[in-house]
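One-letter residues, chain by chain:
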Amino acid sequence: MTTTDLGPLSAEAGGRRAHRARRRAAERTPGWVVAGLVLVCLLAAYLYGWGISGTSLHPYYTAAVRSMASSWHAFLYGGLDPSASITVDKLPGSLWLQALSVRIFGLHVWAVALPQAAEGVATVLVLYRVVSKWAGAVSGLLAALLLAVTPIATALDRRNIADTLLTLLLVLAAGSIMNAVRTGGLRPLIAAAVWIGLAFQAKMLQAWMVLPVFALVALYAAQGDLRRRVRNTVVAGLVALLTSCAWMLWVLVTPAGSRPYLDGTTGNSPFALVFGYNGLSRFGSGGVGNTAGFGSVAGTAASRPVGGSGWTVLVNHTAAPQISWFLPIALLGLGIGLVWRRGEPRTDQQRAGYLLWGGWLAINTLVFGASSGIHDYYLVVLAPAIAALAAAGLTTAWAAYREGGDRSRALLAALLVSVLWAAVVSSKYKSFNVWLVPVVGLLALAAAAGLARGGKAARPRIDAVTAAAAATGLLAVVLAPLVWCFSVLDPLYAGSATSPLAGPVGIGYTQLLHHQAGSPVGFGAPSGRYGKLLTYLEQNRGTTHYLVATQSAEPAEPLLRATSDPVLVTGGFTGNTPFPSAQDMTSLVQQGQLRYVITTSIRPKTDASRWVTAHCTLVSPMAYGEATNGTTSLYDCRSQH
């Protein structure tokens, strides 16, 4: 019997297996990092999820979530009421998960807030994975920790506002871009494009703000020749455009009679809703730019924030304690990364990561600064970039510290700028946790003393004193923002339902909300005037399709959160939307579909509301148990039937 000598082949195969085994061992995440990540995720889950059954939800979005959960037609289009007469004034992407949660778990406050808490924890995990592949497992763990203890993330992830989902999807897109840089392949770029398109469904144009940065990084740093890089980037851009516009195109080809009217528009166009009402108007005077020529209505003071813009957008007295605790370390880390990596090849992945996260931070800051006004919680989208840059900067400085030499001073510089900035931010709130600054200062001094031992000498082995000093320094860096995060668990320091903020920044409004205006925003029968109005309407509406029509969304919100009956919201969120027309209102009344209308003195009048006040009968407030009309008035249009 003939035998074949397989010795050399077996040896070669064994060598390859041994090489793969050594590579896997080198890439294996240390056990203490895994344990640390578990603890960070548990911390994030606690901060984002503890006590969310008592959180105060956004009144407008919560009204829409109940309607969308009760009707698939309203779900698909983002209908504000169950009959889907008019949509919310945004794309419905961020509300879909909330509505599904309510469908599954029922009408509970925690069911609305749960998706955001889960998205927040998922963002921490995804950022760990993205940064680990870029700068190592320790950097990934630090980035996850810094994101988890960013106060605005804690405040926002406990509510039901779109920016939480936007941030998660953009971090996923960033991870795909870095995969494309490593491999030069088209598939990771297409994955990034899809993530950006989904982020567009959550927060519209804000999802596109990072597109130039992502495209330039892929063009510059990805593997392959220029022609291949350009082709891949163009294809991914087309995919991002198509994915972003998918809902708008679907709505555009749907006959107007088969879908709700699109709030914020004068011509019922989804592109006017996105690019006009929620786009160009953000850059007009006072945040209410004239976009009538684009087919959208002008905003109002209620629909457009007026604070937070300008070059101080990250460091003003309300924004700084929400987002900027790690900003000095992030900027130092960005400088270290770019300067110390100069001269590396074009495809250097480390520098590409610094360009990506630094560009993310820069372009968002520039756009926010140039806008006519933003909510401070918009800044949460900067948190992953700041956390990634700060984490990479700290680990790079730590490596330089261990090697010794002039660069070893970078670690002490990072500690110094972080603690000094924490003192500056905290000094604006002297009555809030007065012990915080002295404790942070003492921790920093102890850490600096331990790290300064030995001058510039190399430290190939880290002794217990140096390790303790490093841990103490990290505690000094994260302690102040962590305290602000924990403050959110007290409703007094969680901001308002429409503007989540951590700490004493929104304390005045929150005191009014929780101690004078009744219970937090949620489901159930409203108290006060709207509770009495709801009882009166349910008893007297008869067989009409609509429980009531309201002038703008504000008087409709408490009713929509309390009942599944259709409510016709005339004028949309701002009261400026020309829907329905006076003729349509007349037809609804004459056909017996509508009897009662609530008008309000704090919203602009439309043709429909003018018809009501001219042709319908004012109901005495005593009929439903109130002494005066206040800012709302109830009209009975039965005489026109």
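Residues numbered from 1 in each chain as written. Predicted model: local features only at pLDDT ≥ 70, side-chain atom pairs only at ≥ 80, totals over all residues. Heavy atoms only, no water.

A. A look at the state of the cysteines. Enumeration over the complete set of coordinates arrives at one disulfide. Between Cys616 and Cys637 runs a disulfide, and the two sulfur atoms are separated by 2.0 Å. Taking the sign of the S-S torsion, about 100 degrees here, the bridge from Cys616 to Cys637 comes out right-handed. Here Cys637 lies in the segment after strand E5 (632-636) and Cys616 lies in the loop between helix H25 (607-615) and strand E4 (617-618), a separation of 21 residues in the sequence. The buried category is assigned to Cys616, whose relative accessible area is 10%. (Disulfide = S-S within 2.5 Å. Helix = DSSP H or I, 4+ residues; strand = E, 2+ residues; numbered from the N terminus. Buried < 20%, exposed > 50% of the residue type's maximum accessible area, 1.4 Å probe, protein only.)

B. Region of the structure containing helix H17 (residues 383-403). The terminal C-alpha atoms of H17, which comprises 21 residues, lie 30 Å apart, in line with the 30 Å expected from a rise of 1.5 Å per residue. The element H17 is extensively covered by neighbouring structure, given that 16 of its 21 residues are classed as buried. Gly404 sits one or two residues past H17 and shows a positive phi near 80 degrees. (Expected span 1.5 Å × (residues − 1).)

C. Spatial organisation of the packing of helix H7 (residues 137-148) against H17. It is the contact of H7 with H17, at a shortest axis distance of 8 Å, that shows an interaxial angle of 140 degrees. The pairing of H7 with H17 is recorded here as oblique in orientation. For the crossing formed where H7 meets H17, the hand is right-handed. Taking contact as the criterion, the partners of Val138, Ser139, Leu142, Ala143, Leu146 and Leu147 in H7 are, on H17, Ala383, Pro384, Ala387, Ala388, Ala390, Ala391, Ala392, Leu394 and Thr395. (Axes fitted to C-alpha atoms, helices over the stretch in contact; angles between N-to-C directions. Parallel < 35°, antiparallel > 145°, perpendicular 65-115°, else oblique. Left-handed = near helix turned anticlockwise from the far one by under 90°. Contact = heavy atoms within 4.5 Å.)

D. Quick peek at the sheet that holds strand E2 (residues 567-570). The strand order across the open sheet formed by five strands is E2-E1-E3-E5-E4, and the pairing between neighbours is mixed. Unpaired on one side and paired on the other, E2 and E4 mark the two borders of the sheet. Of the pairings in the sheet, the one linking strand E1 (residues 548-551) to E2 comprises four bridges and is parallel in character. Bridging across to E2, Val548 finds its partner in Val567. Where helix H22 (residues 528-540) meets the sheet, it contacts E1, strand E3 (596-600) and E5, and its direction lies at approximately 5 degrees from that of E5. (Pairing = 2+ DSSP bridges.)

E. Region of the structure containing the pattern of salt bridges. Enumeration over the complete set of coordinates arrives at nine salt bridges. In this structure, Arg541 engages Asp565 in a salt bridge whose closest nitrogen and oxygen atoms are separated by 3.2 Å. In this pair, Arg541 sits in the loop between H22 and E1 while Asp565 sits in the loop between helix H23 (557-560) and E2, placing the two residues 24 residues apart along the sequence. When its relative accessible area of 13% is taken as the criterion, Arg541 is described as buried. We classify Asp565 as partly exposed; its relative accessible area is 22%. (Salt bridge = Lys/Arg side-chain N within 4 Å of Asp/Glu carboxyl O.)

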